[in-house]
Each structure stands twice: as C-alpha cells, then as structure tokens.
Amino acid sequence: MATKCGKCGPGYPTPLEAMKGPREEIIYLPCIYRNTGTEAPDYLATVDVDPKSPQYCQVIESKDIHAKCGLGYVHTSHCLASGEVMVSSLGDPKGNGKGGFVLLDGETFEVKGTWERPGGAAPLGYDFWYQPRHNVMISTEWAAPNVFRDGFNPADVEAGLYGSHLHVWDWQRHEIVQTLPLKDGLIPLEARFLHDPDATQGFVGCALSSNIQRFYKNEGGTWSVEKVIQVPPKKVKGWVLPEMPGLTTDILLSLDDRFLYLSNWLHGDLRQYDVSDPQRPRLTGQIFLGGSIVKGGPVQVLEDQELKSQPEPLVVKGKRVAGGPQMIQLSLDGKRLYVTTSLYSAWDKQFYPDLIKEGSVMLQIDVDTVKGGLKLNPDFLVDFGKEPLGPALAHELRYPGGDCTSDIWI
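Just so it is clear, the model here is predicted, and its values are computed rather than measured.

## Section: the overall build of the protein chain
Looking only at helices and strands, one finds five helices and 30 strands in the protein chain. The C-alpha radius of gyration of the protein chain comes to 20 Å, within 12% of the 22 Å expected for a compact globule of 410 residues. For the protein chain, the proportion of its 410 residues judged to be buried stands at 55%. The long-range fraction of contacts in the protein chain, counting pairs at least 24 apart against all pairs at least 6 apart in sequence, stands at 56%. For the protein chain, the computed accessible surface area is about 17,700 Å², with 50% contributed by carbon and sulfur atoms. Side-chain charges in the protein chain split into 40 positive and 51 negative, and the spacing between the mean points of these groups amounts to 3 Å.

This is how it looks when you write it as structure tokens:
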C-alpha cells in the first residue's frame, strides 16, 4: 500500500489504459463498531479477493484507524497533483453544517489548513469531484451532522434541513462561483464526473429523491443540471412512511464511462445503466441484494410501479443478508462489482436492526460488460459479523493502487 499521496498507484496515463491493469487482489474497507454494543475503535480491514489465494473472502489484516487529529465529520478524500490530500467536511466541531475542505500533507498526513478561502465554505457538505482541465469542482451536501447523526426524522425534511444543491467551485481560485438548486433532488450525495478528463459533465445521486441528475457545462461557461433517472417510490404498509423511497446512496461510473451503477439501500436493488448517451440512460441490469421489501418481512408492498411481486430474501453461503446494497466498487476492467450493506450506524440501527446485531457483509457481483447484466457470485461472502471483537459495519471499498471512485486524471 502506498504511503505517499502523489506517488501512489501504477500511474495509468488514461482511464482506458487503467482498464487493462491487473486484477484486484486485496480491498481495503473502513469498519466501525459504533452502535453495535462493542466498545472498540474504528479499523481498516484488508480483504483477500484473489480467487487463487487460500485466504480468499477473508479479512487478512485489521489496522486501528481511530482518529487522533481532532477532525470531525470528514468524508471524501482525493489526492491532488501537488501531492497533497484534500478531504471534504460535513460540519464544524459542534455538528453544525459547514461544507469545507481540509488539506493534508501527502507524506506525513499532517493538517496544513483549509482549501477554500476564509469564510468561503458551502453551507453543507459531503462529496466532491474535480476536473482540472476545466478549472471546476462540484461538491454535494447531505445535512448538518446534528441533523442526521442520531437517525432519520421525516420532520427534518419538511423543515428543509437536508441538502438540495450542488456547488460549483473555481478550482484555481478556491471559491464557489455557482450554486445549482436541484429540482426534486433531496440529499445529493455522490458526485461523479465522467472519467474522461476532457468531459464537461457528470452525475450525482440524490438519495432521498432516489434519482440521478446530470450536471453539465453550458456554452457560456455556466453549469446546469437535469434529472435523467428516477427510481419510483413504493406504496407500503408496515413502514415508517406510507411511501418508501429507494434511497439511492451510492453511484459510480465504469472507467470507460459506458456504465453507471447505483445502489438503492432501502428497496434493496443494485442497478446498471448504459450511459453511452448521458442524457438518456438505459437500464441494462438489476439485482436484489436484501433490502426492506423482501418477502416474509414486516413491510407489505401495496403498489409497485416496477415489480410484480416482492423479492425473495438473499441467502449467500447459508447466511441471510441483512441490510441492502450500499457502498459499491468496480474492478478496473469493469467485470466485478463489490458491495457492502451498511450506510451509517445510526441509520442502520433505525432501518435494519438485524444489521447491528449481525454485522454487515461484502458481496461480489459478476458484470456482463458486453450486453449488460448483473449476476451474484454465490461463492463470495465476507461476513463482518464474525470479526474477533464482535459484529462490525464495513463501509466503502478501495484498492491499493486506485479505483473508479478515487482516481482523477489531470
């Protein structure tokens, strides 16, 4: 694993060259015990994903990553061409909203200061992606940590406390130049520019609205946004609300910019869209991996615009999977998709109590990159419920040398 940002990874010259890289052998996942009843620090799990290895599908190393820098509510990190690391923030130390960015030294990881100009933070923060050839960065917003950290309260939506904007930044001047209100776009989380460094468009997943919106540059240099995918809600009985959104919590793009993948944490499905025409995505694959609407559960679906019947519960290698698909990562060649099932411990506890008791899992999906399509690998399961200190909640997935959700070409 590289220890210096700016000197890490094999340094593929283009996204298409990266697709020719070697198959992944290990994956890193941050894991937590918060709200599980186990008093232990957060840790980084190393999982063996090499089918030829005798330790395939096993956690082969755990490293304590308990935060000691005093930085609360941080989320996304990207390496910069300067060798520094830039990390997004969701709030100030008191849990109020503040969408700023922290700069870390790429060798020592010591805090160097903030990236944005003094007083120039966005009202709310979460994810970001930059495209240096066009001098632009896009940032998203969830909510102030005080709003979401203890669970989801529908009244906070009515009160307008959740994010609904994209912020467009001047990459060189480090300041917001445009704020885009999202029509029907509540809780914009993950932002993804196309991997092509010349591209002037990308996608953002709006979690609560359960849709994908395309952002793009106009001829005059300003930016606009339009909805291109909508996951319809389901009318239900036995749930907290009469309608259940998909809750689209993660998205990613294949390195050739052909396929977009999204996860619906509440509905329980993972989707693949052909975005060769970014304005008109076409659904090419869908698979259910647990979720809140499975047969035999407490939720009864009364009206469904997409399904004729509720999906079956997912059982892999004898274990019934709790939770739904959440964080996703794609192999460089686009043929394997890895999935974890935990969102945020307080929300896990609220919507999937069994997830807290049993721990999350990691699954692997085989991808048809020719015609499109998704198929579960029945022989792959990493069960974080069997961790030595008790059930743990695994989150995002990263490769040592870079991946589809962290690498930016300059």
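## Examining the pattern of salt bridges
Taken as a whole and judged by the stated rule, the model has 24 salt bridges. Measuring nitrogen to oxygen at the nearest pair gives 3.2 Å for the salt bridge that ties aspartate 127 to arginine 192. Here the residue aspartate 127 occupies a position in the loop between strand S7 (111-114) and strand S8 (128-131), and arginine 192 occupies one in strand S12 (residues 188-193), the gap between them amounting to 65 residues. Residue arginine 192 is classed as buried on the basis of its relative accessible area of 5%. The residue lysine 319 makes a salt bridge to aspartate 383 at a minimum N-O spacing of 3.8 Å. Taken together, the positions of lysine 319 in strand S24 (residues 319-320) and aspartate 383 in strand S29 (residues 382-383) put the pair 64 residues apart, joining distant regions of the chain. With relative accessibility at 15%, the residue lysine 319 sits in the buried group. Each of the salt bridges in this network shares a partner with another, and the network as a whole consists of Arg117, Asp170, Arg173 and Glu175.

## Quick notes on the environment of proline 30
Looking at the secondary structure, you find proline 30 in strand S1 (residues 26-32). Note: C-alpha distance between proline 30 and aspartate 42 (twelve residues apart in sequence) is 7.2 Å.

## Points about the sheet that holds S12
Judged by pairing direction, the sheet is antiparallel, and its four strands sit side by side in the order S12-S13-S14-S15 without closing on themselves. Each end of this open sheet is capped by a strand with a single partner; those strands are S12 and strand S15 (223-230). Neighbour-to-neighbour, the strand axes of this sheet turn through a mean angle of 25°, independent of strand direction. In this sheet, strand S14 (residues 211-217) lies alongside strand S13 (residues 201-206) in antiparallel orientation, the contact comprising six bridges.

## Details of the nonpolar core
Trp142, Tyr162, Leu247, Trp265, Leu266, Trp347 and Phe351 are the most contacted members of the largest nonpolar core, which has 33 residues in total. Only helix H2 (145-148), helix H4 (345-351) and helix H5 (353-358) provide two or more residues apiece to this core. For this core, the leading source of residues is H4, giving three residues. Ignoring anything within four residues of it in the chain, the contact list for tryptophan 142 reads Leu90, Leu124, Gly125, Tyr126, Phe148, Tyr162, Gly163, Ile187, Pro188, Leu189, Tyr344 and Trp347.

## Some remarks on the packing of aromatic side chains
Taken as a whole and judged by the stated rule, the model has 24 aromatic pairs. Seen in terms of ring centroids, tryptophan 142 and tyrosine 344 are 5.8 Å apart; in terms of plane orientation they differ by 80°. Their pairing is edge-to-face. Note that tryptophan 142 is positioned in the loop between strand S9 (136-139) and H2 and tyrosine 344 in the loop between strand S26 (336-340) and H4, a separation of 202 residues in sequence. Classification of tryptophan 142 as buried rests on a relative accessible area of 7%. Judged by centre distance (5.5 Å) and plane angle (80°), the rings of phenylalanine 148 and tyrosine 344 are edge-to-face. Taken as a pair, phenylalanine 148 in helix H2 and tyrosine 344 in the loop between S26 and H4 lie far apart in primary sequence, 196 residues in all.

## Digging into the pairing of S15
Sheet faces and side chains relate simply in a regular strand, where the side chains alternate between the two faces. Two elements, S14 and S15, share seven bridges in a ladder whose sense is antiparallel. Opposite isoleucine 212, over in S15, you have isoleucine 229 as the bridge partner. In textbook terms, the turn of a hairpin is the stretch between consecutive antiparallel strands, and for S14 and S15 this stretch comprises five residues, one of which, glycine 221, has a positive phi near 100°.

## Focus on the sheet that holds strand S5 (residues 85-89)
As summarised here, the arrangement of the four strands in space is S4-S5-S6-S7, forming an open sheet in which the pairing is antiparallel. In the strand order of this sheet, the two ends are held by strand S4 (74-79) and S7, each with one partner. For this sheet, the mean inter-axis angle between neighbouring strands, taken without regard to orientation, is 25°. As paired strands, S5 and strand S6 (residues 101-104) are joined by four bridges and run antiparallel to one another. Opposite valine 87, over in S6, you have valine 102 as the bridge partner.

Cut-offs applied
Residues numbered from 1 in each chain as written. Predicted model: local features only at pLDDT ≥ 70, side-chain atom pairs only at ≥ 80, totals over all residues. Heavy atoms only, no water. Helix = DSSP H or I, 4+ residues; strand = E, 2+ residues; numbered from the N terminus. Rg over C-alpha atoms; globule rule 2.2 N^0.38 Å. Buried < 20%, exposed > 50% of the residue type's maximum accessible area, 1.4 Å probe, protein only. Contact = heavy atoms within 4.5 Å. Areas by Shrake-Rupley, 256 points an atom, 1.4 Å probe, with all protein chains shown as cover. Lys, Arg positive; Asp, Glu negative; His and termini not counted. Charge placed at Lys NZ, Arg CZ, Asp CG, Glu CD. Salt bridge = Lys/Arg side-chain N within 4 Å of Asp/Glu carboxyl O. Pairing = 2+ DSSP bridges. Axes fitted to C-alpha atoms, helices over the stretch in contact; angles between N-to-C directions. Core = buried A, V, L, I, M, F, W, Y, C linked by side-chain atoms within 4.5 Å. Phe/Tyr/Trp six-rings, centres within 6.5 Å; stacked < 30°, edge-to-face > 60°.

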